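Now for the letters of each chain:
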Amino acid sequence: MKLTEWLLRRKPNVFVTEERLREALRHNPPDAPVPESLRRSCRFNTGTLDGHEVITLTPRSGATGTEVIYLHGGVYVRPLVSAHWRIIAALIRQTGATVTVPLYGLAPRHTADDAYRFLDSVYRTVVQRAGDRPVLLVGDSCGAGLAVGLAIRCRDEGLRPPSGLLLFSPWLDVTMTNPGIAALTGLDPMLAPAGFVAAGRDWAGDRSVTDPLVSPLHDTLKDLPPISVYQGGHDILLPDAEKFAAKARAAGTHVDLHLWPTAIHVFVGAGWTLEAHQALRDAADRIRSAARD
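Residues numbered from 1 in each chain as written. Predicted model: local features only at pLDDT ≥ 70, side-chain atom pairs only at ≥ 80, totals over all residues. Heavy atoms only, no water.

Colleague: Teacher, can you tell me more about the pattern of salt bridges here?
Modeller: Pairing is possible between side chains that carry opposite charge, provided their charged atoms lie close to one another. On inspection of all chains with the given rule, the structure shows 17 salt bridges. One salt bridge in this structure joins R129 and E67, with 2.8 Å as the shortest N-O distance. With R129 in helix α5 (residues 112-130) and E67 in strand β3 (residues 67-71), this pair connects stretches of sequence that are 62 residues apart. Taking relative accessible area as the criterion, R129 reaches 35% and is therefore assigned partly exposed. We classify E67 as buried; its relative accessible area is 3%. Linked through salt bridges whose partners overlap, the residues forming this network are E18, R22, R201 and D202. (Salt bridge = Lys/Arg side-chain N within 4 Å of Asp/Glu carboxyl O. Helix = DSSP H or I, 4+ residues; strand = E, 2+ residues; numbered from the N terminus. Buried < 20%, exposed > 50% of the residue type's maximum accessible area, 1.4 Å probe, protein only.)

Structure below.
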């Protein structure tokens, strides 16, 4: 992990100021394509729902029927990248799950309201296909926050709840007002509050930035499915992850918070590291366990 962090520090941090983030977004690449290795090992299907692409991958051998919806990170403004496919590939390989990847629209062109309309359709489609088999929500960074928001919508609208949530380095409060963030800013080689605040404001659209569907930390967090959080200590999102876990537990929701003190943001994408192996192995165990329950 030390080498990975050193390499990241050699790259410019585009989140240091809003201006730097806006400049970077002018050159946003397209979503990373599905790797050839996944195309070979999985049956690959792509379609559209509500005008957005949905990719579904089912392993050619060892498929279990368990369904996973994976929501990618990128601060709501950046596309799916190759690291996301590495995480998805590891989960498929270790669990035999079918993974659905919805490519939701990004801010500032799209907002949280746009995303939830799309994800409602995706979720209903996957639940119908699953039948009595489990459906889990998995995400990293902002995608993990979106997974919690989708679980909140299921609860509030009386839909079948997900069988569990697996959250890698979740972004849970776009206001970035937790006083613990400042102490971690110097340790974090990837993130900075200013760019996150700007992106979160764009994502909220007409909603308040403290709306639970934008910042799930502001929900009651009652009556949610079991949650596992995988978090690094060199990540400015750690204080809110800790606050989220404590609040959810106090509300009666089961939360396991797994902390690697020197790991970075979404460290599970660095699959060559021990920390990533440990976290992904535990996440895979949770997915397999849901299939047995």
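Moving on, there is more to tell.
Colleague: I would appreciate a short explanation of the layout of surface pockets in the present structure.
Modeller: Empty space among the atoms can be located by rolling a probe the size of a water molecule over them. Considering only enclosed or pocket space, the second largest pocket measures out at about 270 Å³ in volume. Surrounding the second largest pocket, 18 residues form its lining, S163, P226, R286, A290 and D293 being those nearest its centre. Within the residue set of the lining of the second largest pocket, elements represented by two or more residues are β6 (164-168), β7 (227-234) and α10 (274-292). Considering every element that reaches the lining of the second largest pocket, the biggest residue donor is α10, with five residues. Considering only residue class, the lining of the second largest pocket consists of eight nonpolar, five polar and five charged. (1 Å grid on protein atoms, 1.4 Å probe; cavity = no way out; pocket = protein on both sides within 12 Å on 5 of 7 lines; lining within 4 Å. Points joined across faces, edges and corners; volume = space filled by probe spheres on them. Nonpolar A, V, L, I, M, F, W, Y, C, P; charged D, E, K, R; others polar.)

Colleague: So what exactly am I meant to see when it comes to unusual backbone geometry here?
Modeller: Glycine aside, a negative phi is what most residues show, and trans is what most peptide bonds show. Geometrically, the link from A107 to P108 is a cis peptide bond, its omega value of 5 degrees lying close to zero. In this structure, P108 sits in the loop between β4 (98-102) and α5. With a phi angle near 50 degrees, S169 is a residue other than glycine that sits in the positive phi range. If you trace the backbone, S169 turns up in the loop between β6 and α7 (181-184). On the basis of relative accessible area, S169 is assigned to the buried category, the value being 1%.

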